[in-house]
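Report on the structure
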Amino acid sequence: MTTFAISFAMDGTLTRADIPALCVRLAEVLRGRDPGVVVCDVSGAIRPDVVMVEALARLCLTARRHGWRLVLNGASADLLELADLLGLTGVLFQPLRQPEHRKQACGVEEVVDRRDPPG
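Residues numbered from 1 in each chain as written. Predicted model: local features only at pLDDT ≥ 70, side-chain atom pairs only at ≥ 80, totals over all residues. Heavy atoms only, no water.

What about the environment of Ala45?
In this fold, Ala45 is placed in the loop between strand E2 (36–44) and helix H2 (50–65). For Ala45, a relative accessible area of 9% gives the class buried. Sequence separation between Ala45 and Gly74 is 29 residues, and the spatial gap between their C-alpha atoms is 9.0 Å. (Helix = DSSP H or I, 4+ residues; strand = E, 2+ residues; numbered from the N terminus. Buried < 20%, exposed > 50% of the residue type's maximum accessible area, 1.4 Å probe, protein only.)

Topic: the side chain of Thr62
Among the secondary structure elements, Thr62 is positioned in helix H2. Among all residues touching Thr62, those that are not within four sequence positions of it are Cys23, Leu26 and Ala27. (Contact = heavy atoms within 4.5 Å.)

What to know about the packing of H2 against helix H3 (residues 77–85)
Two packed helices can be described by the angle between their axes and the distance between those axes. As a packed pair, H2 and H3 sit with axes 10 Å apart at the nearest point and diverge in direction by 75°. Relative to H3, H2 is oriented roughly perpendicular. Here Val50, Met52, Val53 and Leu56 of H2 lie close against H3, whose contacting residues are Leu79, Leu82 and Ala83. In terms of residue class, the contact of H2 with H3 is built from seven nonpolar, no polar and no charged. (Axes fitted to C-alpha atoms, helices over the stretch in contact; angles between N-to-C directions. Parallel < 35°, antiparallel > 145°, perpendicular 65-115°, else oblique. Nonpolar A, V, L, I, M, F, W, Y, C, P; charged D, E, K, R; others polar.)

Observations regarding the pairing of strand E3 (residues 69–73)
Within E3, four of the five residues are buried, which leaves it mostly tucked inside the rest of the structure. As judged from the five bridges shared by E2 and E3, these two strands associate in the parallel manner. Paired with Val37 across the two strands is Arg69, which belongs to E3. The β-α-β motif built from E2, the intervening H2 and the parallel element E3 has right-handed crossover chirality. (Pairing = 2+ DSSP bridges. Right-handed = clockwise from strand over helix to strand, strands pointing away.)

Comments concerning the nonpolar core
Soluble globular proteins: nonpolar side chains tend toward being buried together. With 29 residues, the main nonpolar core has Met10, Leu56 and Leu70 as its most contacted residues. For this core, the secondary-structure elements that each account for two or more residues are strand E1 (4–11), helix H1 (19–30), E2, H2, E3 and H3. Ranked by the residues each element gives to this core, the list is headed by H2, at nine residues. Sequence-distant contacts of Leu70, that is, excluding residues within four places in its chain, are made with Leu26, Val38, Cys40, Leu56, Leu59, Cys60 and Ala63. (Core = buried A, V, L, I, M, F, W, Y, C linked by side-chain atoms within 4.5 Å.)

In structure tokens:
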């Protein structure tokens, strides 16, 4: 199975007014393509703020609406901390591999001791 990847860069300072245009730009790039991964380069974000995190969350939703996943590349410690503070770490910072491609843990079995109280 081939996974398609598209690069999308964000840098500079954003305003909330810029967010809809960013989403439209991404939607135009994704429209009509087979699903894949959008790699959003945020290494140029010098001073990440709440508006940038909001923009990334909205871009993530735009990608999902078109069957794509958005992953971030080059996120600074400040951006990671801000996303965590806003409760969006799990949304914005997903691993590149999909869960079904992870290796299964070997030798893990659940053992029930009949002497344990039900619980």
